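Results of the structural survey
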Amino acid sequence: MLLDDLLREDLALVFCGTALSDTSHRLSAYYAHPGNRFYAALASAGFTPHQLAPAEYPKLLQWGIGLTDLNKTEHGADSALSADAFDADALRDKIERCAPDYLAFTSKRAAQEYFKVPRVEYGLQRQRIGSTRTFVLPSPSGRATRYWDEAPWRALAGLYQAARSRRRRRS
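These lines cover the structure that appears in this document, whether it is placed above or below. (Residues numbered from 1 in each chain as written. Predicted model: local features only at pLDDT ≥ 70, side-chain atom pairs only at ≥ 80, totals over all residues. Heavy atoms only, no water.)

Thoughts on the overall build of the protein chain
Counting its secondary structure elements, the protein chain contains five helices and five strands. Each helix and strand of the protein chain, ordered N terminal to C terminal, gives the series β-α-α-β-α-β-α-β-β-α. Over its C-alpha atoms the protein chain spans a radius of gyration of 15 Å, differing by no more than 12% from the 16 Å that the globule rule assigns to 171 residues. When the backbone C-alpha atoms are referred to their principal axes, the protein chain occupies close to 45 × 30 × 30 Å. Counting across all 171 residues of the protein chain, residues that qualify as buried make up 49%. When contacts within the protein chain are restricted to residue pairs at least 6 apart in sequence, long-range pairs at least 24 apart make up 67% of them. Element-wise, carbon and sulfur atoms account for 48% of the exposed surface of the protein chain, whose accessible area totals about 8,300 Å². (Helix = DSSP H or I, 4+ residues; strand = E, 2+ residues; numbered from the N terminus. Rg over C-alpha atoms; globule rule 2.2 N^0.38 Å. Buried < 20%, exposed > 50% of the residue type's maximum accessible area, 1.4 Å probe, protein only. Contact = heavy atoms within 4.5 Å. Areas by Shrake-Rupley, 256 points an atom, 1.4 Å probe, with all protein chains shown as cover.)

Structure (structure tokens):
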């Protein structure tokens, strides 16, 4: 495993990427490439009250947010990853164990590899993992700039805020 998952029980949301970038691997931090919009999108859409630096990713737990990747053995650009290194079974086991309200794939590629389908659309998916609802987001990677759209991130933020409110009322 290149970087430990940021997971525990009682999370409202887990973000799942395809794999670590070379920069994230080198810096031991999720979404660490300077061109990646992940932390800016979290702040702008309302998941976090301010923009975190990549090294601060463990703080996401305080907002009920976790992180993982579908490929935990390789790093680099999606085009350089081995198809057989995507471990859908391991991801399913993790999500069933920690049971967040939502699992959000941070790229169509991650969702397609997990669901083993040739195409997915952005937004809430009909497929669940146990009780966890799934969502597909545009990639925040700088390599995916032409596909960037913050609207699905904002839509997920509304679902996330509602899930957090429900969890707080139950505690």
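From this point, the discussion proceeds with the structure in view.
Here's the deal with the nonpolar core
Of all hydrophobic cores here, the largest spans 51 residues; its most connected members are Phe15, Phe47, Leu60 and Phe105. Only strand 1 (13-17), helix 2 (38-45), strand 2 (65-69), helix 3 (88-98), strand 3 (102-105), helix 4 (108-115), strand 5 (132-136) and helix 5 (151-170) provide two or more residues apiece to this core. (Core = buried A, V, L, I, M, F, W, Y, C linked by side-chain atoms within 4.5 Å.)

Topic: the layout of surface pockets
Quantified by volume, the largest pocket comes out at close to 750 Å³. Around the largest pocket, the lining comprises 31 residues; the ones closest to its centre are Asp78, Ser139, Ser141, Arg143 and Ala144. Counting residues per element, the ones that place at least two in the lining of the largest pocket are helix 1 (22-27) and helix 4. Residue contributions to the lining of the largest pocket peak at three residues, all from helix 1. Among the residues forming the lining of the largest pocket, the class breakdown is eleven nonpolar, 14 polar and six charged. (1 Å grid on protein atoms, 1.4 Å probe; cavity = no way out; pocket = protein on both sides within 12 Å on 5 of 7 lines; lining within 4 Å. Points joined across faces, edges and corners; volume = space filled by probe spheres on them. Nonpolar A, V, L, I, M, F, W, Y, C, P; charged D, E, K, R; others polar.)

Concerning the environment of Arg164
With respect to the helices, strands and loops of the structure, Arg164 is situated in helix 5. For Arg164, a relative accessible area of 18% corresponds to the buried category. Taking C-alpha positions, Arg164 is 8.3 Å from Trp63, a pair spaced 101 residues apart along the chain. The residues contacting Arg164, other than those within four sequence positions of it, are Ala12, Gln62, Trp63 and Gly64.

Regarding helix 5
Quick reminder: α-helices carry 3.6 residues per turn. Residues three or four places apart thus point the same way. A rise of 1.5 Å per residue sets the reference length of helix 5, with its 20 residues, at 28 Å; its end C-alpha atoms lie 29 Å apart and thus fit the reference within 8%. Residues of helix 5 that are buried include every one of Pro152, Trp153, Leu156, Ala157, Tyr160, Ala163 and Arg164, and no others. Taken around the axis of helix 5, the buried residues stretch over an arc of 135°, which confines them to a single face. (Expected span 1.5 Å × (residues − 1). Arc of directions from axis to C-beta.)

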